[in-house]
Amino acid sequence: RGVTMNIVNDWVPDSDIGPLRYVFDDLRTPYADEGMLGLKQRLYGGMLEFKLVAREGRQEMASVTTPTQSDGYRWVVMNNDGRSRYRGVSLAWFRSLSRVDLGAHVSWSETRTSNADFDTEAENPSLSGDVIYRGQRIPMSRLTILRADYNRPVIAGLSAAWQVTGALRTSLLLNYRGRFDGVVESGRTFSGGLVTLPDGSLVEDRLAEYVDSEHAASLLADLRLAWRFGSTPSVTLEAHVNNLFDARTYSVSERESGVELGRYYWAGVKGTF
């Protein structure tokens, strides 16, 4: 419900606001081709694993928007012209001693996509489907590509597990994520001019502004305990303390509002028979 001169207007169906209509005809099933190259080699008493992954997405969902049609609406016609590409590389090393298991890993990946979310325009508050980015007016579909074309930060981890007794096992995991850039909504809107709705009325188009934002690097630690009773059948009590030192995750950038998850706990019971 909108407001005019401090008077609340009548209820209006949200799906009818805006001059867009969506057409889903003769669509094919998206699929992906994937290739992987892996190598395992004994090193320093442990096992070294190297892996390369290449993935090509085919026939993915995309859309084109037509000029205004005879029914007064612009049609958003869905098609299979979308595509994506993924490249990833990872390196890991593991070693088991008498009572201690050690591990280390590091990975990097890159993702590119022509259309990350085929229904993004349906959720965009702008009537024209445009936004403001770096001072310019661009289609929301273009911004979607910019937000999805990114180099993933370097991710690395160290783990150590100690079999304290025959029944008690404890482990500590350290996970590092490097800094990375993103595109977020600033919370400000700008006028995009007047838009004519199918019923002939004129309304102001409000364009949301998006800005570049940096996510800082993070280092998180997790502690896990497991106590087993019996052999077979057996019952294992598990307790996890995630984000042990209550560190910032930086999942929310400085330009965004939101909540980051601090230290939290998990407990469970597992049975084997």
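Residues numbered from 1 in each chain as written. Predicted model: local features only at pLDDT ≥ 70, side-chain atom pairs only at ≥ 80, totals over all residues. Heavy atoms only, no water.

## A closer look at the overall build of the protein chain
Scanning the protein chain from terminus to terminus reveals two helices and 17 strands. Counting across all 273 residues of the protein chain, residues that qualify as buried make up 29%. Expressed as a percentage of contacts within the protein chain between residues at least 6 apart in sequence, the contacts between residues at least 24 apart total 59%. (Helix = DSSP H or I, 4+ residues; strand = E, 2+ residues; numbered from the N terminus. Buried < 20%, exposed > 50% of the residue type's maximum accessible area, 1.4 Å probe, protein only. Contact = heavy atoms within 4.5 Å.)

## Some thoughts on the pattern of salt bridges
Within the structure shown, the criterion is met by 14 salt bridges. In this structure, Arg 169 and Asp 101 form a salt bridge, with 2.8 Å as the shortest nitrogen-oxygen distance. In this pair, Arg 169 sits in strand 12 (residues 168-177) while Asp 101 sits in strand 7 (residues 100-113), placing the two residues 68 residues apart along the sequence. The partner of Asp 205 in a salt bridge is Arg 137, with the nearest N and O atoms 3.6 Å apart. (Salt bridge = Lys/Arg side-chain N within 4 Å of Asp/Glu carboxyl O.)

## A word on the side chain of Asn 243
Locating Asn 243 in the fold gives a position in the loop between strand 16 (234-242) and strand 17 (264-272). Given a relative accessible area of 3%, Asn 243 falls into the buried group.

## Looking at the nonpolar core
Val 131, Tyr 133, Ile 138, Met 140, Leu 143, Val 183, Ala 208 and Tyr 210 together form the largest nonpolar core, which totals eight residues. Elements with a minimum of two residues in this core: strand 8 (130-133), helix 2 (140-148) and strand 14 (202-215). (Core = buried A, V, L, I, M, F, W, Y, C linked by side-chain atoms within 4.5 Å.)

## Let's talk about the sheet that holds strand 9 (residues 136-139)
Strand pairing in a sheet relies on backbone hydrogen bonds. The paired strands run either parallel or antiparallel. A sheet is described by the order of its strands in space; here four strands give the open sequence 9-8-14-13, paired in mixed fashion. Pairing within the sheet leaves two strands with one partner each, and these edge strands are strand 9 and strand 13 (180-196). The sheet shows a mean angle of 30° between the axes of neighbouring strands, direction not considered. Sheet topology note: the strand 13/strand 14 ladder contains 12 bridges and is antiparallel. Counterpart to Phe 180 in the pairing with strand 14 is His 215. (Pairing = 2+ DSSP bridges. Axes fitted to C-alpha atoms, helices over the stretch in contact; angles between N-to-C directions.)

## Comments concerning the confidence of the model for the protein chain
The predicted model of the protein chain has a mean per-residue pLDDT of 84, with 87% of residues at 70 or higher. Overall, residues 117-123 carries pLDDT values under 50, and its contacts beyond four positions in sequence, including any with other chains, amount to 12 contacts. (pLDDT = per-residue confidence, 0-100.)

## Re a nonpolar patch on the surface
A contiguous nonpolar surface patch, about 650 Å² in accessible area, is contributed by Leu 37, Leu 39, Phe 50, Leu 52, Leu 91, Val 106, Trp 108 and Val 154. Among the secondary structure elements, those contributing two or more residues to the nonpolar patch are strand 4 (31-43), strand 5 (46-68) and strand 7. (Patch = residues over 30% accessible without salt bridge, like charges linked within 9 Å, V, L, I, M, F, W, Y side chains within 5 Å. Areas by Shrake-Rupley, 256 points an atom, 1.4 Å probe, with all protein chains shown as cover.)

## Quick look at the environment of Leu 48
Here Leu 48 is to be found in strand 5. With relative accessibility at 24%, the residue Leu 48 sits in the partly exposed group. Sequence spacing of Leu 48 and Ala 104 is 56 residues, and the spatial spacing of their C-alpha atoms is 9.6 Å.

## Points about the pairing of strand 7
Here strand 6 (residues 74-96) runs beside strand 7; their pairing, made up of 13 bridges, is antiparallel. Residue pairing in the sheet places Leu 91 in a bridge with Val 106 of strand 7. What sits between strand 6 and strand 7 in their antiparallel hairpin is a turn of three residues. Here strand 7 pairs with strand 11 (residues 155-163) via eight bridges, running antiparallel. Residue His 105 lies in a different strand from strand 11, and its bridge partner there is Gly 157.

## Some points on the environment of Tyr 86
Along the polypeptide, Tyr 86 turns up in strand 6. Taking the C-alpha atoms as reference, Tyr 86 lies 4.6 Å from Thr 111; in sequence the two are 25 residues apart. In this view, Tyr 86 contacts Val 53, Ala 54, Arg 55, Ser 109, Glu 110 and Thr 111; residues no more than four positions away in its chain are not counted.

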